[in-house]
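What follows is the residue order along each chain.
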Amino acid sequence: KQEVTQIPAALSVPEGENLVLNCSFTDSAIYNLQWFRQDPGKGLTSLLLIQSSQREQTSGRLNASLDKSSGRSTLYIAASQPGDSATYLCAVRQDTDKLIFGTGTRLQVFP
Amino acid sequence: EPEVTQTPSHQVTQMGQEVILRCVPISNHLYFYWYRQILGQKVEFLVSFYNNEISEKSEIFDDQFSVERPDGSNFTLKIRSTKLEDSAMYFCASSTGLTDTQYFGPGTRLTVL
């Protein structure tokens, strides 16, 4: 059974820092991995999708990498801003329709 | 930019009552999903829907749940007889294909009293 884990559970950093969020999954047989952002009490905003054949994807200050064989993905946020404060979720899709989510990393960026 | 929309944003109901949660997926998407998130827990898959039928459902999606696409734009989740443990945020999502990005709506917070 696929298990998705995110470390750390919470992170507090000063504005301007570059930071890395980690996502681990136990079964490497995935089709893709998606990173989301969730603001308190709100929906999920898709940030990046990495297909299993890809190593990384970039969008603005965000870069996500995927090492399928080791069951890991990282989300790199460059030059963090207070507006980046949110919970970041990763989710994997296997050979079914559903996304399997991790528990998230709650990020706070302070001025 | 096209968005998934959901109504209502918050629904309060009494235990045993029926509720219908509504979603309007992105217009050219073909796959539709419902997920839920109990407060403080992970987002969990409920059901996927394609070509006017359920494609996959989780063990949570028992006989009290049903989904429907009553017209070309709406996608609904019905809970027939709500229980206290159904209190959660319910998210609708849609995608163009199975391997594509799933786009989520803002959610409906369901409170069962």
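Located above this text is the structure these notes cover.
All values reported here derive from a predicted model rather than from experimental measurement.

1. A look at the overall build of chain B
Now for step 1: For chain B, the helix and strand inventory stands at 0 helices and 11 strands.
Now for step 2: The linear arrangement of helices and strands in chain B, starting from the amino end, is β-β-β-β-β-β-β-β-β-β-β.
Now for step 3: For 113 residues, the compact-globule estimate of 2.2 N^0.38 gives 13 Å, and the C-alpha radius of gyration of chain B, at 13 Å, lies within 12% of that figure.
Now for step 4: When the backbone C-alpha atoms are referred to their principal axes, chain B occupies close to 35 × 25 × 25 Å.
Now for step 5: Pairs at least 24 residues apart make up 54% of the contacts formed inside chain B by residues separated by at least 6 positions.
Now for step 6: A distance of 5 Å separates the average location of the 9 positive side-chain charges in chain B from that of its 14 negative side-chain charges.

2. Let's talk about the sheet that holds strand β7 (residues 62-67) of chain A
Residue and element names in this part refer to chain A.
Now for step 1: Reading across from one edge, β1-β3-β8-β7-β6 is the order of the 5 strands in this open sheet, with antiparallel pairing throughout. At either end of the open sheet lies a strand with only one pairing partner, and these are β1 (4-7) and β6 (56-59). This sheet shows a mean twist of 15° between the axes of neighbouring strands, independent of strand direction.
Now for step 2: Examined bridge by bridge, strand β3 (residues 19-25) and strand β8 (residues 72-77) share 6 bridges and lie antiparallel to one another. When the bridges of β8 are listed, Leu19 appears paired with Ile77.

3. What to know about the interface of chain A and chain B
Accessible area lost during the coming together of the parts is what is often quoted as the interface size.
Now for step 1: Listed per partner, the contact involves 22 residues of chain A and 20 residues of chain B.
Now for step 2: Counting each side, the surface lost to burial between chain A and chain B is near 1,700 Å², with a carbon and sulfur contribution of 52%.
Now for step 3: Counting the surface chain A buries against chain B, the share from its top three residues, A:Leu44, A:Asp97 and A:Phe101, is 35%.
Now for step 4: For the interface between chain A and chain B, the tally reads 0 salt bridges.
Now for step 5: Viewed at the interface, chain B and chain A are joined by 12 residue pairs in polar contact (both at pLDDT 80 or more).
Now for step 6: Taken together, the elements giving at least two residues each to the side of chain A that touches chain B come down to β4 (32-38), β5 (44-51), β9 (86-93) and β10 (99-101) of chain A.
Now for step 7: Of the residues in the side of chain A that touches chain B, the class split is 7 nonpolar, 10 polar and 5 charged.

4. Observations concerning the sheet that holds strand β1 (residues 5-7) of chain B
All names here are of chain B.
Now for step 1: If you trace the 4 strands from one edge of the open sheet to the other, you get β1-β3-β8-β7, paired in antiparallel fashion. Unpaired on one side and paired on the other, β1 and β7 (65-68) mark the two borders of the sheet. Taken over all neighbouring pairs, the strand axes of this sheet differ in orientation by 20° on average, direction set aside.
Now for step 2: Note that strand β3 (residues 19-24) and strand β8 (residues 75-79) share 5 bridges and pair antiparallel. Note on β8: the bridge partner recorded for Arg22 is Thr76.

Definitions and limits used
- Residues numbered from 1 in each chain as written.
- Chains lettered and ligands numbered in written order.
- Predicted model: local features only at pLDDT ≥ 70, side-chain atom pairs only at ≥ 80, totals over all residues.
- Heavy atoms only, no water.
- Helix = DSSP H or I, 4+ residues; strand = E, 2+ residues; numbered from the N terminus.
- Rg over C-alpha atoms; globule rule 2.2 N^0.38 Å.
- Contact = heavy atoms within 4.5 Å.
- Lys, Arg positive; Asp, Glu negative; His and termini not counted.
- Charge placed at Lys NZ, Arg CZ, Asp CG, Glu CD.
- Pairing = 2+ DSSP bridges.
- Axes fitted to C-alpha atoms, helices over the stretch in contact; angles between N-to-C directions.
- Buried area = accessible area lost by both parts, 1.4 Å probe.
- Salt bridge = Lys/Arg side-chain N within 4 Å of Asp/Glu carboxyl O.
- Polar contact = N/O pair within 3.5 Å; in protein donor to acceptor, adjacent residues only side chain to side chain.
- Nonpolar A, V, L, I, M, F, W, Y, C, P; charged D, E, K, R; others polar.

Worth remembering: the numbers are spatial, not functional.
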